[in-house]
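One-letter residues, chain by chain:
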Amino acid sequence: MTAHAPGATPRHYLMCEPTHYTVSYRINPWMDPQRVTDTDLAVRQWRTLRDTYLELGHTVETIDPIPGLPDMVYAANGATVVDGVVYSARFRYPERAAEGPAYQKWFADRGFVTHTAEQVNEGEGDLLVVGDLILAGTGFRSDRASHAELQELVGRPVISLELVDDRYYHLDTALAVLSSDPASPQVAYYPPAFSAGSRAVLERLFPDAVVATDDDAAALGLNAVSDGLHVVVAPRATHLAGELRRRGYTPIPVDTSELLKGGGGAKCCTLEIRR
Ligand code: ARG
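Procedures and definitions
- Residues numbered from 1 in each chain as written.
- Predicted model: local features only at pLDDT ≥ 70, side-chain atom pairs only at ≥ 80, totals over all residues.
- Buried ≥ 20, exposed ≤ 12 C-beta atoms within 10 Å, placed from the backbone.
- Helix = DSSP H or I, 4+ residues; strand = E, 2+ residues; numbered from the N terminus.
- Arc of directions from axis to C-beta.
- Contact = placed C-beta atoms within 7 Å.
- Near = placed C-beta within 6 Å.
- Nonpolar A, V, L, I, M, F, W, Y, C, P; charged D, E, K, R; others polar.
- Pairing = 2+ DSSP bridges.
- Right-handed = clockwise from strand over helix to strand, strands pointing away.
- Axes fitted to C-alpha atoms, helices over the stretch in contact; angles between N-to-C directions.

- Where an unreviewed UniProt entry is consulted, the protein appears under the name N-dimethylarginine dimethylaminohydrolase, with the organism given as Cellulomonas iranensis.

Have a look at this one:
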């Protein structure tokens, strides 16, 4: 029997409006600084994403965008928040380095206990909570040592997964958490983005996971946001949407095509705050 969607739970998200969004450097294969970006369109798409969460009954807070940080819209990279503890991001590339302290300050100003990371990690881009576990990507951005640092900080098992395809440079571009319910954790993922050993780990942990196709992955369909029932997903990931429906999830297509030029989708724009 195939595991079924457990049901929606209210979520608390942090987002950053793409006021200063553009593609002015290249740190992943999706980014082409020669290509024109339309900041107004990015803002409209982002607002639709935010409004979608609000309509689903979730809470959305925002952090002020900072001029000169065009990737700050990808809030998922800003930190990892587990059980109310904030593990700060420490970015791989200098272009994004200032985002880590900016997000950390946002949390500290609101009374969160924050921990300044010693190891390179790009927040929820690579660190995904699934039930009691944390799945952790490495290979392109976050260092493996950050996985151990996070495990020690939050006392949850952190499972390292090796990414091998540079188009899927963050774990959240290759794997989506569908259910974080400890009783029925579930994910969708794109096997070719992982090393053979990591694929075997995923098969063991999630024997009936949703397996994405090349087209689903290329549309960044796995950069999806689930509340346990509704899954906000790129409209072009049609096979993935069908698989989600078959398992009782409700796919909610939201177009973030302008933000795809920077190499991100819905999940990249969404940092989950777990109290
Ligand atoms: N241009 C950004 C970068 O390369 C995109 C980040 C996307 N975020 C994510 N959570 N995958 O760092």
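## Some remarks on helix H6 (residues 238–246)
Because the α-helix completes a turn every 3.6 residues, residues three or four places apart line up on one side.
So, point 1. Looking only at H6, the buried set comprises Leu 240, Ala 241, Glu 243 and Leu 244. Down the axis of H6, the buried side of the element spans an arc of 160°, and every buried residue falls inside it. The exposed set on the far side of H6, more than 90 degrees from its buried face, consists of Gly 242 and Arg 246.
So, point 2. Looking at the buried positions of H6, the neighbouring elements they touch are strand E10 (186–189), strand E11 (210–211), helix H5 (214–218), strand E13 (230–233) and strand E14 (250–253).
So, point 3. Once H6 finishes, Gly 248 follows within two positions and takes phi at roughly 90°, a positive value.

## Overview of the site of the ligand
So, point 1. In the vicinity of the ligand, 16 residues are found, and the nearest of them are Tyr 74, Gly 125, His 170, Gly 264 and Cys 268.
So, point 2. Taken together, the residues of the shell around the ligand break down into 5 nonpolar, 8 polar and 3 charged.

## So, helix H2 (residues 99–109)
So, point 1. Of all the positions in H2, only Glu 99, Gly 100, Tyr 103, Gln 104, Trp 106 and Phe 107 are classed as buried. Projected onto a plane normal to the axis of H2, the buried residues spread over an arc of 155° and lie on a single side.
So, point 2. On its buried face, H2 sits against strand E3 (79–82), strand E4 (85–88) and strand E5 (113–115).

## Some details on the pairing of strand E7 (residues 133–138)
So, point 1. Among the 6 residues that make up E7, 5 are buried, leaving the element largely enclosed by the rest of the structure.
So, point 2. A loop of 2 residues connects strand E6 (residues 127–130) with E7, the two strands running antiparallel in sequence, and Gly 131 in this loop sits at a positive phi of about 60°.
So, point 3. Bridge analysis of E7 against strand E8 (residues 158–162) gives 5 bridges, and the strand direction is parallel. Opposite Leu 135, over in E8, you have Ile 159 as the bridge partner.
So, point 4. Taken together, E7, helix H3 (residues 144–154) and E8 constitute a β-α-β crossover, and its handedness is right-handed.

## Topic: the sheet that holds E5
So, point 1. Spatially, the 3 strands line up as an open sheet ordered E3-E4-E5, and their pairing is mixed. Lying at the two open borders of the sheet, with one neighbouring strand each, are E3 and E5. Each neighbouring strand pair of the sheet contributes to a mean axis angle of 25°, computed without reference to strand direction.
So, point 2. Alignment of E3 against E4, held across 4 bridges, turns out to be antiparallel. Note on E4: the bridge partner recorded for Val 82 is Val 85.
So, point 3. Running at roughly 165° to E4, H2 makes contact with E3, E4 and E5 of the sheet.
So, point 4. Docked against the sheet, H3 engages E3, E4 and E5, running at close to 165° with respect to E4.

## What about the sheet that holds strand E1 (residues 12–15)?
Where strands meet in a sheet, backbone hydrogen bonds hold them as pairs that are either parallel or antiparallel.
So, point 1. Taken together, the 3 strands give an open sheet; going across it, the order is E2-E1-E15, and neighbouring strands pair in mixed fashion. Each having just a single partner strand, strand E2 (59–62) and strand E15 (271–272) make up the two edges of the open sheet.
So, point 2. For E1 and E2, the ladder comprises 4 bridges, and the chain directions are parallel. When the bridges of E2 are listed, Met 15 appears paired with Thr 62.

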